[in-house]
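As a plain string of letters, each chain reads:
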Amino acid sequence: MKRILLFVSILAVSLPLFSQLKNPGFVHYIEKYKDLAIEQQRKHKVPAAITMAQGLLESGAGTSELSVTANNHFGIKCTSDWKGRTVSADDDKSNECFRRYADVRDSYEDHSLFLLRTRYSSLFALPIGDYESWAHGLKACGYATDPNYAEKLINLIELYGLQALTFDKSFVIIFKPHIRG
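Rules used in this analysis
- Once a new chain begins, its residue numbering starts again from 1 and follows that chain's sequence as written.
- Reporting in this predicted model follows two pLDDT cut-offs: at least 70 for local features of residues, and 80 or more for side-chain atom pairs to be given and counted; totals over whole chains, interfaces and linings ignore these cut-offs and use all residues.
- Computation of side-chain values covers all heavy atoms of the structure but excludes hydrogens and water.
- Labels follow the DSSP assignment, with helices taken as runs of H or I lasting at least four residues and strands as runs of E lasting at least two, numbered in each case from the N terminus.
- Between two residues, a contact is recorded if the distance between any of their heavy atoms is within 4.5 Å.
- Burial here depends on accessible area, computed with a 1.4 Å probe over protein chains only, as a share of the maximum for the residue type. Under 20% is buried, over 50% is exposed, and the range in between is partly exposed.
- Put simply, a salt bridge is a Lys or Arg side-chain nitrogen that is within 4 Å of an Asp or Glu carboxyl oxygen.
- Aromatic rings from Phe, Tyr and Trp, with only the six-membered ring used for Trp, were paired whenever their centres fell within 6.5 Å, and each pair was classed as stacked if the ring planes differed by under 30 degrees, edge-to-face if by over 60, and tilted otherwise.

Account for the environment of Ala37, with residues named and values stated.
Within the secondary structure, Ala37 sits in helix 2 (residues 24-44). For Ala37, the residues in contact, after removing those within four places along its chain, are Ala48, Thr51, Met52 and Tyr108.

Following this line, the structure appears as structure tokens:
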């Protein structure tokens, strides 16, 4: 009986820890592109945490077909004023027009410029550190059709500590042990 109680106790303590394991692919993506997100925040006032969470979600941490074939990490579709290269892909409808970029940096820059459109202007009245309001605002402005879009962004920000990017704090210590020597 004591063994069973011990096992149940250990299991009860361990399960929450296992549920918080981070996807190594997501961690790699964050490490690779965090500086681009911070750069966009400095230039255009789009919170780095939001940019990174959208990049993770929209591109599957850089593994989606759209991100691999078109460097489109934010799922940005063509608009009537888009003069750049395009690619067709299935999303809400088949064969939709998406923007194609020369490199990932261009995708991050265009994402910020896309959010500077009138449609998203209400977001810039929000505090830059209020990621929850930004996430809900993106959904309300029609960035994505997924009804759970805001919650998914918020969960990514919280699980991966992305808010540290918005405040430009040292991010690597969240994932790597800090060794003092």
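So, next bit.
Tell me what's going on with unusual backbone geometry, and back it up with residues and numbers.
Despite not being glycine, Ala61 has its phi angle at roughly 60°, a positive value. As for its placement among the helices and strands, Ala61 is situated in the loop between helix 3 (48-59) and helix 4 (65-70). Given a relative accessible area of 12%, Ala61 falls into the buried group. A positive phi angle is found at Asn95, which is not glycine, with a value near 55°.

Could you give me a rundown of the environment of Ala61, with the residues and numbers involved?
For the pair Ala61 and His28, spaced 33 residues apart in sequence, the C-alpha separation works out to 8.3 Å. The residues touching Ala61, leaving out its near neighbours within four places in the chain, are Gly25, Phe26, Tyr29, Gly55 and Leu56.

Can you tell me about the pattern of salt bridges, naming the residues and giving the values?
Counting across every chain of the model gives 9 salt bridges. When salt bridges that share partners are traced, they join Lys77, Asp91, Asp92 and Glu96 into one network.

Describe the packing of aromatic side chains, naming the residues involved and giving the relevant values.
Inspection of every chain in the model, using the stated rule, returns 10 aromatic pairs. An aromatic cluster of at least three residues, connected via ring pairs, comprises Tyr29, Tyr33, Phe74 and Tyr108.

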